[in-house]
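Architecture at a glance
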Amino acid sequence: MADAFFNKTSKREMSNKGAQETSSEINSVASGSRDDASSIIGGKRRQKYDDGLEEDDYDLIEENLGVKVERRKKRFKRLRRICDTESDGEDQHVDEGLAREKIAEELFNDNYDSESHESRSKRSSPKIHNYEDDSESDADDFIVDDNGRPISEKKRRRPMYTDACLQESQDIFGVDFDFDDFDYADEDDYEDESEGDDTNFMSSKKRKSTKKKVSIFDVFEPSELKRRHFTDVDHEIRKVDMPERMQTRQIPVTAGDSQELEDEANWIYRHAFSKATVSEQAWNAERKAPTAVKTIKQALDFIRNQQLEVPFIAFYRKEYIKPDLSIDDLWKIYYHDEIWCLLYERKRKLKMLFEKMRQFQLESLGADPEKPFPDDVRLMLDTDFERLNDIQTVEELKDVHMYFLLNYSHELPKMQSHQKRKLLQERREKEKARKQSATVAATENKTGAENIKPIDCNKETNEVDEQLKQSSDCSPYAVFRKAGICAFVKSFGLTPEEFAENLRENYQRNEIKQETLSPMEMAKKYLSARLLTVDAVLQAAKHVAARQLAQEPLLRKTIREVFFDRARLNIRPTKIGMVQIDENSPVYSMKYVAKKPVDSLFGDQFIKLLMAEEEKLLEIQFLEEFDGNANANGPPGDYVDGAKSLYHLDQFSKHVLEWNALRAECVHMALKKWVIPDLIKELRIKLQEEAQQSILHSCTAKLYKWLKVAPYKPELPPDSSYTDWSTLHGIRTMALAYDSDQSVAAFCAFATVEGDISDYLRLPDILKRKKSHNSEEKTQKLAALRKLTSFIKSKKPHVVVIGAESRDALMIQTEIRDILKELETTEQFPRIEVEIVENELAKVYANSKKGESEFREYPALLKQAVSLARKIQDPLVEYSQLCDADDEILCLRYHPLQDRLPKDLLLEHLSLEFINRTNEVGVDINRMMQNSRTVNLLQYICGLGPRKGQALLKVLKQSNQRLENRTQLVTVCHLGPKIFINCSGFIKIDTSLLGDSTEAYVEVLDGSRVHPETYEWARKMANDAMECEDEETNPAGALDEILESPERLNDLDLDAFALELERRGFGNKNFTLYDIKNELRCLYKDLRTPYAKPSSEELFDMLTKETPETFYVGKSVEAIVIGFAYRRPQGDQLDNANPIKLEEKMRWQCPFCRKDFPQLADVWNHFDDNTCRGQAFGVKLRLDNGLNGFLHVKNLSDKPVRNPEERMRVSQMIYVRIINVDIDRFSFECSSKSTDLNDVNNEWRPRRDAFYDHLSEELDSRKVAEAKEKLMQQRTYTRRIIAHPNFHNKTYADVIALLADADQGEVALRPSSKGSDHLTATWKVADDIYQHIDVREECKENDYSLGRKLWIGTEEFQDLDEIIARHIHPMAMAARELLEYKYYKPNLAAANENERDYMEKLLLREKAKDSKKIHYFFSASKPLPGKFLLSYLPKNKVFHEYVTVIPEGYRLRGKILDSVNTMLCWFKEHWSDASLPPATPSNSSTTPSIMHPPPTPLSVASTAARSTGSRPYSVTDAVYSSTPRSGISVAASSSSFGRGAGARSGGSSEYSVSQPISNTYGFILNNPTSSNIGHYGSSGTRPSSNDSTHSGMPYTPMDDALYMTPFTPHHGLIDAPSPSDQSPSQYRRNGAYGTSSNFVNTSFHGTGRTNAYNTGRHMANQGWANRRNPQRQQYQQSSINMGSMTMDGNRYVSTPMSGYNTPNSSVGSTTGHMNISPICMDRSAADTPLSDEI
């Protein structure tokens, strides 16, 4: 870059004639003559004037050009004068140009140390000075500055670095650059140079040369120099007159002759415009007609021979490419030219290798013609060269090369040795001849003998021997070749070439030459020390023949074409993939695929498959079997079998059959072992490249959409009152950026018309609500709006922009619109639009190095606002801010899979879009010099690049002048003819700003797209349109007039003008003339698409950050319940309302909201007060992206649901499926039906692939299920070494069998499935009923010994005997007492019958016998071992309660009783404790009633728990095993409530909601915001078809009463019992106790229905759940446990809350009044309850 700033002049002197020629050429460019311009291109390059020109020379040049020429000062003349003469008292001064040159020499010149002082002094200054009367007289004895002022007489001890130099260096190296880091010379050096005598000057020069110079290469890393384009290669690129991109291409652009261009055009047409891709790709759908070949050749001629870049061809050579080729087609030709050149170069090198081998064979084998050729030698034939010339692809070239190595690799060392000997011989002959000529010359001129330097032949020999030696080939083929097997293979009947021809033609074109001997007999001839047996020889022959067939290029080409067209693949999931690939996975539709043709793959599908394969989710298998050619006798068979038939001789003799079998084995081995596996690898690469191209086209299409938008143009009315709002020079913009986090302050930025940020505003309260109930928040919001109003009023922006961060942007947009409407009225503002703009670019810019360096002190949001304001001014300029050396443009998201593309490939294609758009819009270099924001666009101008563009700008900055006309691109900027032709039309000069500030001729066309080569035609069109004669009118005046009246151009007959130009030899210029006409209508009209407001779909995507691929109808999502939708009753409904009387409660119920009241008048008052919210008819949901959803009650479950509040609660996480999306309202409708979640009807999930293998999926699912079942059956336990008579190393089934015949109360200890630190104690409760107790061990010596401390729940035991004696035996005795009770009934319920239904039948039978008594029975519960079911029939309704056996006796309703008699006495006294009798629901009701506790004042902890809507937790049976329960105190209740709430919120308590402790006792906290709570511990039965009677439900504390809380003496302990400590093993496995680890299924749709709401094996999105973080899973599980649910058919039924007024009673009272209320349960008879007794 810097070399362009400090350019050296190539010549010191220039004649007057040369100056006149140069000026004439430049003048021809300015006049627009195409012929003269072409002469410049073809002529010798003259870039700059030499400062050796005299004044007369400059005058002559100015006379020829008609413009002032900048004259250079002879800076070193005074310096020499000072050095040659004595100093006359004036100190030496260093001018600014010299200082710059000094920096350049020391920073960038590698040969600085070796250059003489004279060579350095001859370098011209890069700064061009304007001097009209610059005197070159030697009489001048002082140095003046650029303004003619003398420099102060102060002795300089070091060079003066000007601000301009510093600024330029900082532009290169950054703002931290300091000249002090480059202090190359000591101060004395400059003093010595000014002393005057030559001796001192030479001595100082020597001293200076000995000092070590510090260059740029010593300061910066090579990688940094390469990144900043400061290497020698970059310097060469700047110097060469060739477009930079053509030089930096991987294969630089080179010239080609006509025949090569013809061949290349045909090749490009076949491979780029007519050849179909292997997979289905939309970007390759268009096909070109064969007539496009001629157009392609012409485009290649422009690119390769004329070195014109693609944008120039597309804009200024339309006649040659239209209508066949577009600009995208030209870029495709450009890149295919690179592939062609690479292929052409490799073919040329391989051809040279072929020629060397043939020459070697001729010289070695032709030396003795009578000697027979060796069997392993294959002669190079002309057909090999023809095959090489016919190569069309890199794959074919590789095949030919590999075939060459197969046949000639053993001859390559001999050939190389032969070449070395020939080379050495030639060198010796040359040396001999040279010596002879030198000897002759020495005799004639003796002085010449001293210069004779003999060549070291030994050195040459060593150089020749230094070539790499080829390693010896030890492959099987080489071994068999040495054994002479190649001769045996020749007896197979066909050469590899002949067989390949048969395969290509699909018939036996070459007949098989059958050998008379059998293979066995033939093999005997080749027995050797290596091959001792006939079988070994045959195997070797098969290997050699198959290898030759496999490497045959024609065979591989033929099979490649067929295989790529007919290949198929299978896809199978791995074990991980079977679990993780769900319907949201991108490969869900291809999880199981069988025999899918590769041509059915489309887009980026294969990339997604590869990603899944890399993640070990899928296995992709390409089938080696593929269809053969069509068969007239039936369907095509296998291709390999068909290939065998082409190597088969139709004879039936024994030895022919043997040969046929041998040949068939060779073909099979060649294709299956080598050819097809290699082609599979090629096919994978090919499919991946095509998928990458699909992604690449999507990325470029998105960037095209961004860059194609023109700057925003406000629609202002043509009113004189709006003069302050003129948009002639641009628009003023104001942008607001905010963060979704309200604690982060938002910012507004105001940008001037130049894009400078003149002011900003901080708005910390802009996201707050104006209608907030918080008065302080409302006040802050109004203050923020007042500040914003004042800011808008003072700045007067043309448009206001808001970043599309979230849906809050809509609120801000509405508020700002209100402000602007008010200003329209009060301040006469015009209509100002408020636009919401995508903020992705702003975010990247805020974190970019560009944003950091430009606004170092600005916060991130303010930098986002800056980017938003500038983006709407000009999107192209703002996006170009990321086009720097750090390639930050790649930080934008163009495609979800863009990371799968090579970085360089993506960056290159993104640059093409910038090239197209930048050349379409053009650049103003003068504006770039004033505003650095547009500098990055210059590199994309046609012909330029980052190196040439930066050099062009530096030259202009160095000359400190603006570009006044395009001619100065040559005269000032020193652009070569090729670069000038490419770029001049795209560099525009705003001639209206020049005015009278320049004396140079102002060319109006320099501000247009008209190319300088067609200026004359434009002038001619202007003159003809104005009907003026050329000699009468000034051409510039005609242009000015036509620009003011462009309608006059309509009268021109451009077609006739085009014919005249074609007749004169200019070719067809029809398109060019019409382009000139359009340009004269409006100079450099912006061709980009005008800004348009975002559509509803675009706004939806921007604000939600979703796309149609991520959010669509049918997607299964996770949502949170935020409330319920109620339908308020209308006037007629209220008038006709009929309150419901609750007979059992003696209360009245509202028919709409189901709230009950003590009196009927209260219901009417409820209506009159308008407090009835009505009945809930739907659920309000919200997603993580902020979208609100609605779940209608009809879509809640497959079964009718009356009240959704009974099924769900606020803050509960559920799974739903989207059934409709309303993009205008930013909402969606969804369904939670099991049929929809499981997609029973196959209407929601992504459509399966057409080749989906449903059978394999079903078989794999069945195998997985069988494996799980088998694993459960074969589950083993760790064998323990425990010496105790009750311990057995047995499984669960073995222990059950052992206790089957034992007495009641017997106990057996066994290893636990929980690990080596647990034991399981199993004791027999009753026949076929066994309770399993988990025993946790601590202080263990090893995994097999017994721990010194044993724990059951929170109680510690010393040994197993203590557990049996103190824990199990007391419970066994209590159970035996109940078993022997007179009203005990054995549980004889059938397997498919509920035990409650069974007991209900017994009670009804007894009631029929004696209706006067209240009958009751006890029975041992099978589903809940250790509990006894107490069933009683007070009137007509059967009630059920559970009695738990504990070591202290029994627990009933939380009351601990020591004996059966005590328990019965207490129960008979308190069974009916309630203020109102229970109500009996109808048979059709599915809404359970409840048992109410007496109301009690709530404690603080319980109130907090109620406010959070906590889920009830439970305490294990064993928690009461050590301390007798004397009662339940308020303090205990409070602490328990507090632990429950804490467990839910923090997860640190042992009573964690996400992992409930037990199901022995349940309580429930009321949520004031919702009218339902899920009952933990409730159960019920489904009414059978024969009996509609509903069973009762155990007591559940409800409503506003203080709920009974389990007494927990060990609440401070950390180790809490798990939910399955006291549960049967089969229920632990099935998740019956509600633990998060064993949670299997959750359903809201009735008993037995599978609903994929939350977790478990029935979940619709198992893979999604597996990828959730643990905290999210715990939160979700907590939400699940707190809701109404069904677990393996056992549903926790939620119950509506109702106000209940009962007398106050103390929680600690042992005789609290209780009401037993019936409940209707919806479950099958086979289901089992999971609740404790209450």
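First, a word on scope: everything that follows refers to the structure included in this document. Small disclaimer: the values here were computed from a predicted structure and weren't measured.

Concerning the overall build of the protein
Assigned secondary structure in the protein consists of 62 helices and 32 strands. Going through the 1734 residues of the protein one by one, you find that 53% of them count as buried. Carbon and sulfur atoms provide 49% of the accessible area of the protein, an area that totals close to 79,600 Å².

Let's talk about the pattern of salt bridges
Tallied over the full model, the rule gives 82 salt bridges. Among the salt bridges present, the one from Glu 224 reaches Arg 227, with a minimum N-O distance of 3.1 Å. Taken as a pair, Glu 224 and Arg 227 lie in helix α12 (residues 222-227) at a separation of 3 residues, close to a single helical turn. On the basis of relative accessibility, which here comes to 25%, the residue Glu 224 falls in the partly exposed class. With a relative accessible area of 26%, Arg 227 lands in the partly exposed category.

A short note on unusual backbone geometry
With an omega of -5°, the peptide bond running from Lys 322 to Pro 323 counts as cis. Looking at where Pro 323 falls in the secondary structure, it is placed in the loop between α18 (318-321) and α19 (327-365). With a phi close to 55°, Gln 828 is a non-glycine residue in the positive phi region. By secondary structure assignment, the location of Gln 828 is in the loop between α35 (808-826) and β8 (833-837). Phi at Lys 1105 takes a positive value of approximately 60°, unusual for a residue other than glycine.

Considerations on the pairing of strand β22 (residues 1349-1352)
Two elements, strand β21 (residues 1329-1338) and β22, share 3 bridges in a ladder whose sense is antiparallel. Each bridged residue has a counterpart across the sheet, and for Arg 1336 the counterpart in β22 is Trp 1351. Across 3 bridges, β22 lies against strand β23 (residues 1355-1357) in antiparallel orientation. From the neighbouring strand, Leu 1350 faces β23, where its bridge partner is Phe 1357.

Re the packing of aromatic side chains
Tallied over the entire structure, the rule returns 46 aromatic pairs. Every member of this aromatic cluster is reached through a ring pair, and the members are Tyr 1381, Tyr 1383, Tyr 1416, Phe 1417 and Phe 1418. Over the ring of Trp 725 we find Arg 732, and its NZ or CZ is 5.5 Å from the ring centre. In this arrangement the basic side chain of Lys 988 is found over the ring face of Tyr 1084, its NZ or CZ atom lying 5.0 Å from the centre.

Thoughts on the sheet that holds strand β6 (residues 757-763)
Read across the open sheet, the 5 strands follow the order β6-β5-β4-β7-β8; overall the sheet is mixed. On the outer flanks of this sheet lie β6 and β8, each paired with one strand and no other. Geometrically, the sheet is characterised by an average inter-axis angle of 20° between neighbouring strands, direction not taken into account. Running over the sheet, helix α38 (residues 860-873) touches β4 (733-737), β5 (746-751), β6, β7 (799-803) and β8 and is turned about 40° from β5.

Focus on the pairing of strand β17 (residues 1213-1222)
Regular strands show a simple pattern: their side chains alternate between the two faces of the sheet. Both strand β11 (residues 1116-1127) and β17 contribute to a ladder of 5 bridges, which runs antiparallel. Bridging across to β17, Ser 1116 finds its partner in Arg 1217. Examined bridge by bridge, β17 and strand β18 (residues 1227-1231) share 5 bridges and lie antiparallel to one another. Note that in β18 the partner of Val 1221 across the bridge is Phe 1228. Count of turn residues in the β17/β18 antiparallel hairpin: 4 residues, of which Phe 1226 carries a positive phi of about 55°.

Considering a nonpolar patch on the surface
There is a patch of nonpolar side chains on the surface, built from Phe 373, Leu 379 and Leu 381 and spanning about 250 Å² of accessible area. For Leu 379, the location among the structural elements is in the loop between α19 and α20 (382-389). For Leu 379, a relative accessible area of 31% corresponds to the partly exposed category.

Concerning the packing of α19 against α20
One can describe the packing of α19 onto α20 by two numbers: an axis separation of 10 Å at closest approach and a directional angle of 175°. As the angle between them shows, α19 and α20 are arranged roughly antiparallel. Seen from α19, the contacting residues are Lys 347, Leu 350, Lys 351, Phe 354, Glu 355 and Arg 358; seen from α20, they are Asp 382, Asp 384, Phe 385, Leu 388 and Asn 389. Here the contact of α19 with α20 is built from residues that sort into 4 nonpolar, 1 polar and 6 charged.

Re helix α54 (residues 1292-1300)
In an α-helix, one turn spans 3.6 residues; hence positions three or four apart end up facing the same way. Listed in full, the buried residues belonging to α54 are Val 1295, Ile 1296 and Leu 1299. Seen end-on, α54 carries its buried residues on one side only, within an arc spanning 100°. Buried residues in α54 make contact with β19 (1307-1311), β20 (1318-1326) and β21.

Focus: helix α34 (residues 775-795)
The end-to-end C-alpha separation of α34 is 30 Å, in line with the 30 Å expected for 21 residues at 1.5 Å each. All of the buried residues in α34 are Lys 781, Ala 784, Leu 785, Leu 788, Thr 789, Phe 791 and Ile 792. Around the axis of α34, the buried residues are gathered within 165° of arc, so they sit on the same side. Residues of α34 that are exposed and point more than 90 degrees away from the buried face comprise Ser 775, Glu 776, Arg 786 and Ser 794. Where α34 is buried, its residues meet β4, β5, β6 and α35.

Section: the nonpolar core
Among the nonpolar cores identified, the biggest contains 177 residues, and Ile 485 and Phe 488 are the most heavily contacted of them. In terms of residues, this core owes the most to one element, helix α33 (residues 654-707), which gives 21 residues. Residue contacts for Ile 485: discarding those within four places in its chain leaves Phe 480, Tyr 526, Leu 531, Val 537, Ala 540, Ala 541 and Val 544. In terms of nonpolar packing, the next biggest core, distinct from the first, is built from 54 residues, Cys 748, Phe 829, Ala 1176 and Leu 1187 among them.

A closer look at the sheet that holds strand β25 (residues 1427-1433)
Backbone hydrogen bonds are what pair the strands of a sheet, in a parallel or an antiparallel way. The 5 strands lie next to each other as β24-β25-β26-β27-β28, forming an open sheet whose pairing is antiparallel. In this open sheet, the two strands that pair with only one neighbour each are β24 (1415-1420) and β28 (1455-1457). Direction aside, the axes of adjacent strands within the sheet are offset by 25° on average. Inspection of the sheet shows strand β26 (residues 1439-1446) paired to strand β27 (residues 1449-1452) by 3 bridges, in the antiparallel sense. Counterpart to Ile 1446 in the pairing with β27 is Gly 1449. Of the strands in this sheet, β24, β25 and β26 are in contact with helix α56 (residues 1395-1409), which crosses β24 at around 150°.

With respect to the environment of Arg 249
Structurally, Arg 249 is set in the loop between α14 (244-248) and α15 (258-274). Sequence separation of Arg 249 and Tyr 335 is 86 residues, and the distance between their C-alpha atoms is 9.2 Å. Residues within four places of Arg 249 in sequence aside, it is in contact with Tyr 334, Asp 337, Glu 338 and Cys 341. Here the side chain of Arg 249 touches Ile 251 through a polar contact of 2.6 Å, landing on its backbone oxygen.

Some points on the environment of Leu 782
Within the secondary structure, Leu 782 is located in helix α34. Considered as a pair, Leu 782 and Ile 766 are 16 residues apart in the sequence and their alpha carbons are 8.7 Å apart.

Notes on the packing of α34 against α35
Contact geometry of α34 with α35 gives a least axis separation of 10 Å together with a crossing angle of 55°. It follows that α34 is oblique to α35 by the angle criterion. In this structure, α34 meets α35 at a crossing whose hand is right-handed. Side by side, α34 and α35 meet where Lys 781, Leu 785, Leu 788, Thr 789, Ile 792 and Lys 793 of the first sit next to Met 811, Glu 815, Ile 816, Ile 819, Leu 820 and Leu 823 of the second.

How each quantity is defined
- Residues numbered from 1 in each chain as written.
- Predicted model: local features only at pLDDT ≥ 70, side-chain atom pairs only at ≥ 80, totals over all residues.
- Heavy atoms only, no water.
- Helix = DSSP H or I, 4+ residues; strand = E, 2+ residues; numbered from the N terminus.
- Buried < 20%, exposed > 50% of the residue type's maximum accessible area, 1.4 Å probe, protein only.
- Areas by Shrake-Rupley, 256 points an atom, 1.4 Å probe, with all protein chains shown as cover.
- Salt bridge = Lys/Arg side-chain N within 4 Å of Asp/Glu carboxyl O.
- Pairing = 2+ DSSP bridges.
- Phe/Tyr/Trp six-rings, centres within 6.5 Å; stacked < 30°, edge-to-face > 60°.
- Lys NZ or Arg CZ within 6 Å of the ring centre and 35° of its normal.
- Axes fitted to C-alpha atoms, helices over the stretch in contact; angles between N-to-C directions.
- Contact = heavy atoms within 4.5 Å.
- Patch = residues over 30% accessible without salt bridge, like charges linked within 9 Å, V, L, I, M, F, W, Y side chains within 5 Å.
- Parallel < 35°, antiparallel > 145°, perpendicular 65-115°, else oblique.
- Nonpolar A, V, L, I, M, F, W, Y, C, P; charged D, E, K, R; others polar.
- Arc of directions from axis to C-beta.
- Expected span 1.5 Å × (residues − 1).
- Core = buried A, V, L, I, M, F, W, Y, C linked by side-chain atoms within 4.5 Å.
- Polar contact = N/O pair within 3.5 Å; in protein donor to acceptor, adjacent residues only side chain to side chain.
- Left-handed = near helix turned anticlockwise from the far one by under 90°.

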